[in-house]
Amino acid sequence: MERFTVNGGKALFGCVAVPAAKNAILPILAASLMTDGETVVKNCPDLSDIRVSADIIRAVGSMAAFDGSSFWTVYNESEKSAIPQPLCSKMRSGILYLAPLLYRRGKVTLYYPGGCNIGKRQIDIHLDGLQKMGAQLECGEDKITLLAPDGLKGTHFRLRLPSVGATQTLMMAAATAKGITILHNCAKEPEVVDLARFLRCAGAKITGAGKSEIIIQGVQSLNAVEYTPIADRIFAATVLSGVNACRGMVFLKNYPAEYMHSFEKVLKQTGLRIVHLADGAVAVKIFDRAADIKVHTGFYPAFSTDMGPLLSAALINNNGTLVLTEGIFENRFSYAEQFEKLGLCCKVSGTEYYQTPKNSIYTAQLKAADLRAGAALVVAALAKRGNFTIEGLEYIDRGYEKIEDVFSALGGNIRRNTFEQQQKSKS
Ligand code: EPU
């Protein structure tokens, strides 16, 4: 088992490039199965979820190659339409292969998806929408099969709530369905808009992505594409959170300014200055301004649920209170217990989280229980004076390529220790 050792309390200085967004890349990789010829997705960070995507594409008989930055897919005809259970359990985004496989094979089998344990994470909207487009559903104890041997047909469908994943599934399904589909109550997240942009580059006819209503005129086939997805707003928030908590000055190259308003607005209240430049942004924090902060997370353009844990970490040294109300997932505050070990007073009541400083702690053993909670622990440990260890790196590696290198390059003292290194230091 690997773990981080962190000697916290150092200010951050330097430059970091924001990679393409995991949550934009994963649906685009699934959609690449729908394109004919060789599709290339560029600027991908080397994440475990991206490697699992390559395994899924190969498991269903197509070709995928990833060199740690560019991801190639070449479609192959095959009978394979089931995503093996071990791959489904590794990440939730296996669900995004429903529509591509229905288009390619007329059939798809998927085991109930795994992923971070941040809430119930149902899949009913994906399934209802696909059934409305003509797919037949067969439910087993641990898996589902959808059948559409003659293809899907356009429809009007209102999403029960604006799910990001379900909007992406239905946009992909409609892209090659017969006739026109109108989706109502869609998610407006930038990653939905980016998938639409990718599909449009491949020849799909989609209008309205980023608004509540998306209209799709189905086409017969999609062509190969070379595509660079949008920059990762959650990665950018992680670095801003680090600068706010540790102080210092960092230049973020490729900064996705247009998606960062709500996060920036809150951090500015505690003394962070952000200067937008043509090729990025500079974040500067010289002194802490005590502030009581209240934030509600929700569907875009509201404050992002993924940024909630990062906001908590950003405010770890803030001499005020944070009240964070979660509007999307039921179990987002797994880091509360860990933050207590860092000397905060944290209370969770249903979907409300409260944090305020209590005392100084100089050593603690921390454990990540999901991806963004893990990133929050990294930032929080870097910002607190003392020596800390963090376990649960398999969660953090799902969304960050070597987060320890990102913060080490900025002057943070964080190291990854392998099991062998830990044994050596004991003997
Ligand atoms: N929901 C349903 N039924 C469905 C689909 C969703 O009830 O069929 C509910 C979920 O249970 C949840 C809410 O709708 O309570 C929102 O879920 P959504 O489908 O929007 O989320 P997702 O597509 O599963 C993506 C990101 C998450 C991010 C959410 C919300 C990816 C791969 N994941 O998940 O990212 O938190 O949107 O913005 O794009 C992360 O990166 O750490 C992460 C968890």
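J.: I tried to follow the overall build of the chain on my own but got confused; where do I start?
T.: Along its length, the chain carries 15 helices and 23 strands. Taken against the 2.2 N^0.38 rule, which gives 22 Å for 427 residues, the C-alpha radius of gyration of the chain at 22 Å falls within 12% of a compact globule. Taking the principal axes of its C-alpha atoms as reference, the chain extends roughly 65 × 50 × 45 Å. Here the chain holds 427 residues, and the buried ones make up 59% of them. Relative to all contacts within the chain whose residues are 6 or more apart in sequence, the contacts with residues 24 or more apart total 72%. Split by element, the accessible area of the chain, about 17100 Å² in all, is 50% carbon and sulfur.

J.: Explanation requested: the site of the ligand in the structure shown.
T.: Close to the ligand lie 23 residues, the nearest being Arg92, Asp124, Ser163, Val164 and Asp306. Separating an oxygen atom of the ligand from a side-chain N or O atom of asparagine 23 is a distance of 2.9 Å. Within the side chain of arginine 160, an N or O atom sits 2.8 Å from an oxygen atom of the ligand. Secondary-structure elements contributing two or more residues to the shell around the ligand are helix H1 (22–32), helix H5 (124–132), helix H6 (164–175) and helix H12 (371–383). No other element matches the 3 residues that H5 contributes to the shell around the ligand.

J.: Would you mind going over the sheet that holds strand S7 (residues 136–139) with me for this structure?
T.: Within a sheet, adjacent strands bond to each other through the backbone by hydrogen bonds, running parallel or antiparallel. Taken in spatial order, the 3 strands of this open sheet run S6-S8-S7, and their pairing is antiparallel. The open sheet has two free edges, formed respectively by strand S6 (107–111) and S7, since each of these has just one partner strand. The mean inter-strand angle of the sheet, taken between neighbouring strand axes irrespective of direction, is 15°. Bridge count between S6 and strand S8 (residues 143–147): 5 bridges; the pairing is antiparallel. Within S8, the position partnered with valine 108 by the bridge is leucine 146.

J.: Before we go on, may I ask you to explain the pairing of strand S18 (residues 322–325) in this structure?
T.: On a regular strand, each side chain points to the face opposite its neighbour's, so the side chains alternate between the two faces of the sheet. Burial along S18 is two-sided: Leu322 and Leu324 facing one way and Val323 and Thr325 facing the other are all buried. Here strand S17 (residues 293–296) runs beside S18; their pairing, made up of 4 bridges, is parallel. From the neighbouring strand, valine 295 faces S18, where its bridge partner is leucine 324. For the crossover from S17 across helix H10 (residues 308–314) to S18, the handedness is right-handed. Two elements, S18 and strand S20 (residues 352–357), share 4 bridges in a ladder whose sense is antiparallel. Looking across to S20, one finds that leucine 322 is bridged to glutamine 355.

J.: What exactly am I supposed to notice about unusual backbone geometry here?
T.: Peptide bonds are mostly trans, and most non-glycine residues show a negative phi. Cis peptide bonds are those with omega within 30 degrees of zero, and the linkage from tyrosine 300 to proline 301 qualifies with 15°. Mapped onto the elements, proline 301 comes out in the loop between S17 and H10. One non-glycine residue, asparagine 43, adopts positive backbone phi at about 65°. Examined against the element boundaries, asparagine 43 turns out to sit in the loop between strand S3 (38–41) and helix H2 (48–59). Judged by its relative accessible area of 33%, asparagine 43 is partly exposed. Phi is positive for lysine 402, close to 45°, though the residue is something other than glycine. We classify lysine 402 as partly exposed; its relative accessible area is 48%.

Basis of the calculations
Residues numbered from 1 in each chain as written. Predicted model: local features only at pLDDT ≥ 70, side-chain atom pairs only at ≥ 80, totals over all residues. Heavy atoms only, no water. Helix = DSSP H or I, 4+ residues; strand = E, 2+ residues; numbered from the N terminus. Rg over C-alpha atoms; globule rule 2.2 N^0.38 Å. Buried < 20%, exposed > 50% of the residue type's maximum accessible area, 1.4 Å probe, protein only. Contact = heavy atoms within 4.5 Å. Areas by Shrake-Rupley, 256 points an atom, 1.4 Å probe, with all protein chains shown as cover. Near = heavy atom within 4 Å. Polar contact = N/O pair within 3.5 Å; in protein donor to acceptor, adjacent residues only side chain to side chain. Pairing = 2+ DSSP bridges. Axes fitted to C-alpha atoms, helices over the stretch in contact; angles between N-to-C directions. Right-handed = clockwise from strand over helix to strand, strands pointing away.

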